[in-house]
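# Secondary and tertiary structure notes
The residues making up each chain are set out below.
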Amino acid sequence: MELYLDSANLKEIEEGFKLGFLNGLTTTPTFMQREGITDIDGMIVKLSKIVPVLQIEALGDTAEDVVKEAHRQLKLGLDPKKTVFKIPVSLEGVRACKLLRNDGLLVNVHLVYTLQQAYMAMQAGATYVCPLVGRSQDQGYDTLALVKQCVDTVKNYGYDTKIMFSSVRYPEHVRNAIAAGAHTITVPLKVIKMLTENHLTTIGTDQFLQDTRLMTLTVGEALNGKNPVVSADTNVKDAIVKMTEFGFGAITVTNADKSIKGVFTDGDLRRLLQSGGEASLSKKLGDLTYNQSISIESSALLNDASSLFKKTNVDTILVTDGGKPVGMLDIQDLKA
């Protein structure tokens, strides 16, 4: 099924065609008016140089007027093999379709709402027949059935016509078009962007990325650059200030020779205040007793750190390099 972009917004068009696999662009005078475009011919020429196939309107009161307008646009420098002239369905419209097809030009008969209209366009040799699904559904019509009927008509009678599913409002319309066997669909960029989205895919992708990160990134590479270290002669009150400055719930306490004495945590602070009250704030960190520090070498993989977090049930782990403190790894640092 061919995929066209439906737009007149130059930024959208440039973004959409970066995908590299869109078949072409459909646009309308209404789209151009909404974008504030006044030089329609200039815009048409510009677009023709950007997109593989350009579908543009050829309007007129009579078939001859439509044919004249199509040839006028071709003289702007358009490639007849890469330009499709869109004609609203009518008796004069299908007559114009036949005349243009006799000239070897490509035609899209659009604004189709009934199978009879589609049949007349097919009989006139239309390259594309274009039912407007969203707009028709707004009026309560079963346009999905119409699309399927048009596809079946092409198949049953051997018409050399592609059914284009248009007036797309949401991703479900694309699924409908595929299910109905439509040959072509033209879609706004905002809907195209939604076609690869699914929350289960997102969950799975995020898990793959997270697991890959754990297996390939070292602890040192995941550190945030802060090394919350204070000397053993720092008092508890000043240690609280340092913990706040560093943004960790723990700080590393070092001896005069830079060796690690222990890790002072916010849990240690609570227990200290509970047992000693406000007087505890003046104590030196070097005078406190510490349990063995939970630490990991900076060269270890995050996967090892993840296992250590689960085993010890802590939120912060001391990171060392050759026995010297180089930072703190928070459990949130395991995530990208």
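Residues numbered from 1 in each chain as written. Predicted model: local features only at pLDDT ≥ 70, side-chain atom pairs only at ≥ 80, totals over all residues. Heavy atoms only, no water.

### Description of the pairing of strand β10 (residues 250-254)
Of all 5 residues in β10, 5 are buried; the element is thus mostly enclosed. Of the two faces of β10, the one carrying Ala250, Thr252 and Thr254 and the one carrying Ile251 and Val253 are both buried. As paired elements, strand β9 (residues 229-231) and β10 share 3 bridges and run parallel to each other. The partner of Val229 across the bridge, within β10, is Thr252. Across 5 bridges, β10 lies against strand β11 (residues 260-265) in antiparallel orientation. Each bridged residue has a counterpart across the sheet, and for Ile251 the counterpart in β11 is Phe264. Following β10, the chain reverses through 5 residues before pairing antiparallel with β11; Lys258 in that reversal takes a positive phi of roughly 75°. (Buried < 20%, exposed > 50% of the residue type's maximum accessible area, 1.4 Å probe, protein only. Helix = DSSP H or I, 4+ residues; strand = E, 2+ residues; numbered from the N terminus. Pairing = 2+ DSSP bridges.)

### Topic: the pattern of salt bridges
Applying the stated criterion across every chain, the model contains 12 salt bridges. Two residues, Glu2 and Lys162, come together in a salt bridge whose shortest N-O distance is 2.6 Å. Here the residue Glu2 occupies a position in strand β1 (residues 2-6), and Lys162 occupies one in strand β7 (residues 162-165), the gap between them amounting to 160 residues. (Salt bridge = Lys/Arg side-chain N within 4 Å of Asp/Glu carboxyl O.)

### A word on the state of the cysteines
What we call a disulfide is simply a covalent bond connecting the sulfur atoms of a pair of cysteines. One pass over the full model with this rule turns up 0 disulfides. Of the cysteine sulfurs around Cys130, a residue in no disulfide, the closest is that of Cys150, at 10 Å. (Disulfide = S-S within 2.5 Å.)

### Things to note about the sheet that holds β9
Pairing is mixed in the open sheet, where 3 strands are placed in the order β9-β10-β11. Looking along the sheet, the strands with just one partner apiece sit at the ends: β9 and β11. Averaged over all neighbouring strand pairs, the angle between strand axes comes to 30°, with direction disregarded. Helix-sheet contacts for helix α13 (residues 236-246) involve β9, β10 and β11, and the interaxial angle to β10 is about 125°. (Axes fitted to C-alpha atoms, helices over the stretch in contact; angles between N-to-C directions. Contact = heavy atoms within 4.5 Å.)

### Re the pairing of strand β6 (residues 128-131)
Here β6 shows a buried face lined by Tyr128 and Cys130 and a second buried face lined by Val129 and Pro131. Chirality of the crossover, the property in question, places the unit of strand β5 (residues 106-112), helix α6 (residues 115-123) and β6 among those that are right-handed. Strand direction decides the pairing type here: β6 and β7, joined by 2 bridges, are parallel. Bridge assignment links Val129 to a residue of β7, and that residue is Ile163. (Right-handed = clockwise from strand over helix to strand, strands pointing away.)

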